[in-house]
Amino acid sequence: MAEKLVLAGPASEELGRSVADKLGLQMLNAEFRVFPDGESKFTLNDKVSGRSIFLVQSTYQPVDQHLFQLFLASHHLSEEGAKVTAVVPYLAYARQDKEFLPGEGVTLGIVAHLMRSAGVRRLVTVDIHSAEGLALFSFPTYSVSAIPSLVSYARENLGLKDPAVISPDFGGSKRTEAFAQLYGAPFLKLSKTRDRTSGEVTIRDSSLDVKGKDVVIVDDIISTGGTVRAAAETVMKQGARRAVALCVHGLFVGSAVDSLEKASVKTVVSTNTVPGKNGVVDVSDALASHLRTLEE
Ligand code: R5P
């Protein structure tokens, strides 16, 4: 069986080390560098022929640089004879998985194509935006769920009273429903629409059973915070006692967290697929458990 090693890319140094510790694997000796003009460089300091490498690199901002570092490392490792599994905790461009408006490029398809050209043999990610996106890849792909970890965090830390779990839209509702079932709380769905040109989010008012309840808004991604803010305003207007927001990938663009706090979402929590002060739910156990099941 090929010896397995972990390479943590610059976007996931801590998470990569933690996954390696949990799997009892050595870290590969390699260096990533970014020059003052923005160019990236990758240097491999180990022999990797015949080895199986878990290359852990999330692709949050700067998105294209983090992706390119993944391509550079993967290409070099596979040219040197290693089998590369890309472990991409947050997979950028997963929301661009189809042509929503005529003429739009399916960017996730290009990412899939580039990964394959760069020698990636398997992809492991965490809660991909939509499972349909995985069909764009022509090699084995796996999406690991962070929902059980978010449920444990909520149980141990949020002190929820009479909770209701809400999905801000229909698209991600399966994931949120899984959270509600595991937590053992009622599940409700809002109906969100986003203007595909301006990006503006609207939530259709419908009567919800949230009076006096602690409402947990669960989404896969918080980017600008617009979706969660609109959901929180809706449930607070309908008499909820408290709104908290949990997500898998906390991109938190600009002042997203502040603007959520102003909209009375006092608790905003994400996993560490994207590192940051709100990224307190660790996905290294979930990733390690999945990676343990992979042959070579
Ligand atoms: C969209 O369908 C996703 O599930 C999220 O709801 C969305 O990406 C969140 O973006 P924002 O925080 O900018 O509203």
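Residues numbered from 1 in each chain as written. Predicted model: local features only at pLDDT ≥ 70, side-chain atom pairs only at ≥ 80, totals over all residues. Heavy atoms only, no water.

Some remarks on the site of the ligand
The local shell around the ligand holds 14 residues, among which R95, D219, D220, T224 and T227 are the closest. Contact between the ligand and R194: an oxygen atom at 3.1 Å from a side-chain N or O atom of the residue. Separating an oxygen atom of the ligand from a side-chain N or O atom of D220 is a distance of 2.5 Å. Expressed as a share of its isolated accessible area of 380 Å², the protein-covered part of the ligand is 91%. (Near = heavy atom within 4 Å. Polar contact = N/O pair within 3.5 Å; in protein donor to acceptor, adjacent residues only side chain to side chain. Areas by Shrake-Rupley, 256 points an atom, 1.4 Å probe, with all protein chains shown as cover.)

Some details on the packing of aromatic side chains
Applying the stated criterion across every chain, the model contains three aromatic pairs. Consider the rings of F137 and F139, whose centres lie 5.7 Å apart with planes at 80°: the pair is edge-to-face. For the pair F137 and F139, one class covers both residues: buried. The ring of Y183 carries R155 above its face, with NZ or CZ at 5.4 Å from the centroid. For R196, the ring lying beneath its charged end belongs to F100, and the centroid distance is 4.1 Å. (Phe/Tyr/Trp six-rings, centres within 6.5 Å; stacked < 30°, edge-to-face > 60°. Buried < 20%, exposed > 50% of the residue type's maximum accessible area, 1.4 Å probe, protein only. Lys NZ or Arg CZ within 6 Å of the ring centre and 35° of its normal.)

Overview of the pairing of strand 7 (residues 120-126)
The side chains of a regular strand alternate, residue by residue, between the two faces of the sheet. With respect to burial, strand 7 is a largely interior element, six of its seven residues being buried. Of the pairings in the sheet, the one linking strand 6 (residues 83-88) to strand 7 comprises five bridges and is parallel in character. Paired with A86 across the two strands is L123, which belongs to strand 7. Regarding the hand of the β-α-β motif, the stretch spanning strand 6, helix 3 (residues 107-117) and strand 7 is right-handed. (Helix = DSSP H or I, 4+ residues; strand = E, 2+ residues; numbered from the N terminus. Pairing = 2+ DSSP bridges. Right-handed = clockwise from strand over helix to strand, strands pointing away.)

Structural notes on the domain arrangement of the protein chain
Annotation of the protein chain at the domain level lists domain 1 (4-145 + 282-291) and domain 2 (147-272). With 15 residues of domain 1 at the interface, the matching set in domain 2 holds 15 residues. The junction of domain 1 with domain 2 conceals about 1,300 Å² of combined surface from both sides, 54% of it contributed by carbon and sulfur atoms. Between domain 1 and domain 2 we count one salt bridge in total. Residues D127 and R175 are paired through a salt bridge, measuring 3.6 Å at the closest nitrogen-oxygen approach. The interface formed by domain 1 and domain 2 holds eight residue pairs in polar contact (both at pLDDT 80 or more) in total. (Domains from an automatic or database assignment. Contact = heavy atoms within 4.5 Å. Buried area = accessible area lost by both parts, 1.4 Å probe. Salt bridge = Lys/Arg side-chain N within 4 Å of Asp/Glu carboxyl O.)

Focus on the nonpolar core
A general feature of soluble globular proteins is that nonpolar side chains tend to end up buried together. One finds F54, F179, V216, L287 and L291 to be the most contacted residues of the largest nonpolar core, which totals 37 residues. Not counting residues up to four positions away in its chain, the partners in contact with V216 are L160, A164, V165, I166, F179, V244 and L246. In this structure, F42, L77, L123 and L134 belong to the second largest nonpolar core, which totals 31 residues. (Core = buried A, V, L, I, M, F, W, Y, C linked by side-chain atoms within 4.5 Å.)

Concerning helix 2 (residues 63-79)
Between the first and last C-alpha of helix 2 there are 24 Å, a value that for 17 residues agrees with the 24 Å anticipated at 1.5 Å per step. Inspection of helix 2 places H66, L67, Q69, L70, F71, A73, S74 and L77 among the buried residues, and these make up the whole buried set. Immediately beyond the C-terminal end of helix 2, within one or two residues, lies G81, with a positive phi of roughly 100°. (Expected span 1.5 Å × (residues − 1).)

Considerations on the pattern of salt bridges
All told, the structure shown has eleven salt bridges when counted by the stated rule. Between R175 and D220 there is a salt bridge, with the nearest N and O atoms lying 3.7 Å from each other. Remark: D220 occurs in strand 13 (residues 214-222) and R175 occurs in helix 5 (residues 173-183); sequence separation between them is 45 residues. Considered together, R175 and D220 belong to a single accessibility category, that of buried residues.

What to know about the environment of E233
With respect to the helices and strands, the residue E233 is situated in helix 6 (residues 226-237). Separated by 32 residues in the primary sequence, E233 and V265 place their C-alpha atoms 9.0 Å from one another.

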